[in-house]
Amino acid sequence: MAASPSTLDRLRIERVVWTMNTRLQDLPRRSRTARRRELRDNLHAAAADVGARQAVRQLGDLRILAAGYLAAEYGELSRRPSWTAAALTLIAVEVVVMLVDHAGRSAFDAGITTAAPDATGTFHWAGIAYLTSDATFTYRDGTHTSVGGAWTPLVYVIMFVGAFVAGRMWRLLAAWQRQRHLTAPAADGESYRGQA
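So, here's what we can say about the structure.

Rules and cut-offs
- Residues numbered from 1 in each chain as written.
- Predicted model: local features only at pLDDT ≥ 70, side-chain atom pairs only at ≥ 80, totals over all residues.
- Heavy atoms only, no water.
- 1 Å grid on protein atoms, 1.4 Å probe; cavity = no way out; pocket = protein on both sides within 12 Å on 5 of 7 lines; lining within 4 Å.
- Points joined across faces, edges and corners; volume = space filled by probe spheres on them.
- Nonpolar A, V, L, I, M, F, W, Y, C, P; charged D, E, K, R; others polar.
- Patch = residues over 30% accessible without salt bridge, like charges linked within 9 Å, V, L, I, M, F, W, Y side chains within 5 Å.
- Areas by Shrake-Rupley, 256 points an atom, 1.4 Å probe, with all protein chains shown as cover.
- Salt bridge = Lys/Arg side-chain N within 4 Å of Asp/Glu carboxyl O.
- Helix = DSSP H or I, 4+ residues; strand = E, 2+ residues; numbered from the N terminus.
- Buried < 20%, exposed > 50% of the residue type's maximum accessible area, 1.4 Å probe, protein only.
- Core = buried A, V, L, I, M, F, W, Y, C linked by side-chain atoms within 4.5 Å.
- Contact = heavy atoms within 4.5 Å.
- Axes fitted to C-alpha atoms, helices over the stretch in contact; angles between N-to-C directions.
- Parallel < 35°, antiparallel > 145°, perpendicular 65-115°, else oblique.
- Left-handed = near helix turned anticlockwise from the far one by under 90°.
- Pairing = 2+ DSSP bridges.

### Points about the layout of surface pockets
As a volume, the largest pocket reaches approximately 270 Å³. As for the largest pocket, its lining consists of 13 residues, of which Q25, D26, L27, P28 and S82 are closest to the centre. Looking at side-chain class alone, the lining of the largest pocket contains five nonpolar, three polar and five charged residues.

Structure, rendered in structure tokens:
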């Protein structure tokens, strides 16, 4: 019966496994989980034979290993954008701005109704600097309606720049350039793609 690895050996193996996991963030979650389990099992098996330190050393450069996994999964287009990260960024910015706007509107309304519970009249709210435009609150016997308070262009810039960066959308530009290069007409009028 093989001896169970020491705590230090298990930590050594887990460090390598999770380092590889971060280098494989471009893989789909299921594929990344499968690669992580496979690597952990292989390292434990090798550690039983040659020791954890030697097993980790025999892996070589983790960047090269990760690049191999990505190439095996995607081929040439090994670095893809993350549509999920881009969508989550858009949603996160929208939710945060909506919460901030709601808090500002609620505070303005609370200030008016606290000062005059049966307020009647028109009040101007300057909005939240850089995020929302001004709004007009019309009160009649303590209840109000409001007009205005739209998001500023800065909010949309933050949303789309955040989505571009979080989703790593610049990878699309490289993929489009490669695709254009592959389908560019050759000297004889044929496309590269059509040649064997």
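### Points about a nonpolar patch on the surface
A cluster of nonpolar side chains, Y130, L154, V157, I158, V161, F164, V165 and W170, forms an exposed patch at the surface whose accessible area comes to about 790 Å². Among the elements that take part in the nonpolar patch, helix α6 (residues 153-166) stands out by supplying six residues, more than any other. Tracing the sequence through the fold places Y130 in the loop between β1 (121-125) and β2 (135-140). With relative accessibility at 67%, the residue Y130 sits in the exposed group.

### Overview of the nonpolar core
One recurring pattern in soluble globular proteins: nonpolar side chains tend to sit buried together. Core analysis: the largest hydrophobic core is formed by 17 residues, its most contacted members being I13, V16, M20, L24, L39 and L43. For this core, the secondary-structure elements that each account for two or more residues are α1 (7-23), α2 (29-50), α3 (52-59) and α4 (62-74). The biggest single contributor to this core is α4, with five residues. Once residues within four sequence positions are removed from consideration, L24 is found in contact with R32, R35, A66, Y69 and L70.

### Details of the packing of α1 against α2
Close contact between α1 and α2 brings their axes to 10 Å; oriented N to C, the two are set at 150°. The pairing of α1 with α2 is recorded here as roughly antiparallel in orientation. In the crossing of α1 with α2, the sense of the turn from one axis to the other is right-handed. Counting all contacts with α1, which are made through R10, I13, E14, V16, V17, W18, M20 and N21, the residues of α2 involved are R32, R36, L39, R40, L43, H44 and A47. When its residues are assigned to classes, the contact of α1 with α2 shows eight nonpolar, two polar and five charged.

### What to know about the pairing of β2
Residues A135, F137 and Y139 of β2 are buried on one face, while the alternating residues T136, T138 and R140, pointing to the opposite face, are not. In the sheet, β1 pairs with β2 via five bridges, with the strands oriented antiparallel. Looking at β2, one finds that W125 is bridged to A135. The sheet contact formed by β2 and strand β3 (residues 143-148) spans six bridges and is antiparallel. Note on β3: the bridge partner recorded for F137 is S146. Between β2 and β3, which follow one another and run antiparallel, lie two residues, and D141 among them has a positive phi close to 55°.

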